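Fold and geometry: a report
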Amino acid sequence: SALQAAGDHAAAATEYERLLQTLPRDHYLRAAANYGHGECLRDGGDDGAALTAFAAAADAARGDTAAFAFPARYQGGFAALRLGQSERAVQEFGHAVAAAPDAVAKHECEFLAGDAALRAGQLDDAERWLQAAARGVGGPAADGDFVDDAELALGFVAIARGDRDAALQRFERLVERRADSPLRPRAQLEVGRLCYQRQDHQKAERVLRPLEQHGDPAIAQPA
């Protein structure tokens, strides 16, 4: 841990490996050691080995060390995404949902599982996870619960299904209901794109015109 804190990830990983070789399978330190090992491998750029270590940490997270299950699955999901293993990421984030310590973390991982499923082309799973995330945690503090992200992604699920009408409804819902959302301009762009494809040029221009001055070049410039 001292080597890890000092930023010497390779040396820290070696020490974690030595420790793990000496520990019985049911030792209370196995979850923490595997998780620390995974962090060092991740920070050293070896996401494949990190994914294995995080999975081992989650498997060892029982009893007093059960709290390691959530961060291990969460970090494992991102390691899988960086490896281009979207299907594995769905599994890891799905496990993270079950181990989440609170509603906000749960809804974030529902979104992440849905987004990974969309990347993997698992549209039914993507829709199921994203609909759960879109329900949010409730109450006025909805900014951190990934509701907007889920709504936007559900629009892309509809596009992937070839259902442009449903996609338009999703994007318009975000535009109309979440005026203060940072994702609203992206949803506007998609509304304009879909209206243009439907040859509803007047509406497309009306929706897209305000975006010309947007600060994000990906939105301000033609797609």
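Residues numbered from 1 in each chain as written. Predicted model: local features only at pLDDT ≥ 70, side-chain atom pairs only at ≥ 80, totals over all residues. Heavy atoms only, no water.

Here's the deal with helix 11 (residues 184–197)
The α-helix advances 3.6 residues per turn, and as a result positions three or four apart in sequence lie on the same side. To keep things clear, this is the line we draw: Every helix listed is a DSSP run of H or I at least four residues long, and every strand listed is a run of E at least two residues long, numbered separately from the N terminus. In a helix, the anticipated span is given by 1.5 Å times the number of residues less one. Accessibility here uses a 1.4 Å probe with only protein chains present; expressed as a share of the type maximum, an area under 20% marks a residue as buried, one over 50% as exposed, and anything in between as partly exposed.
The first and last C-alpha atoms of helix 11 sit 20 Å apart over 14 residues, in line with the 20 Å expected at 1.5 Å per residue. Within the span of helix 11, buried status applies to P185, A187, Q188, L189, E190, V191, G192, L194 and C195. Where helix 11 terminates, the next one or two residues include Q199, which has phi positive at roughly 65°.

Overview of the pattern of salt bridges
The condition that has to hold: Whenever Lys or Arg places a side-chain nitrogen within 4 Å of a carboxyl oxygen from Asp or Glu, that contact is recorded as a salt bridge.
In the structure shown here, the tally under the stated rule is 19 salt bridges. Residue D115 is joined to R119 by a salt bridge in which the shortest nitrogen-to-oxygen separation is 3.0 Å. You can see D115 and its partner R119 sitting in helix 7 (residues 103–120), four residues apart, about one turn around the helix. Since its relative accessible area comes to 18%, D115 is described here as buried. On the accessibility criterion, R119 (56% relative accessible area) is exposed. The partner of D124 in a salt bridge is R161, and the shortest N-O contact between them spans 3.0 Å. Residue D124 is found in helix 8 (residues 123–134), and its partner R161 is found in helix 9 (residues 147–161); the two are separated by 37 residues along the sequence.

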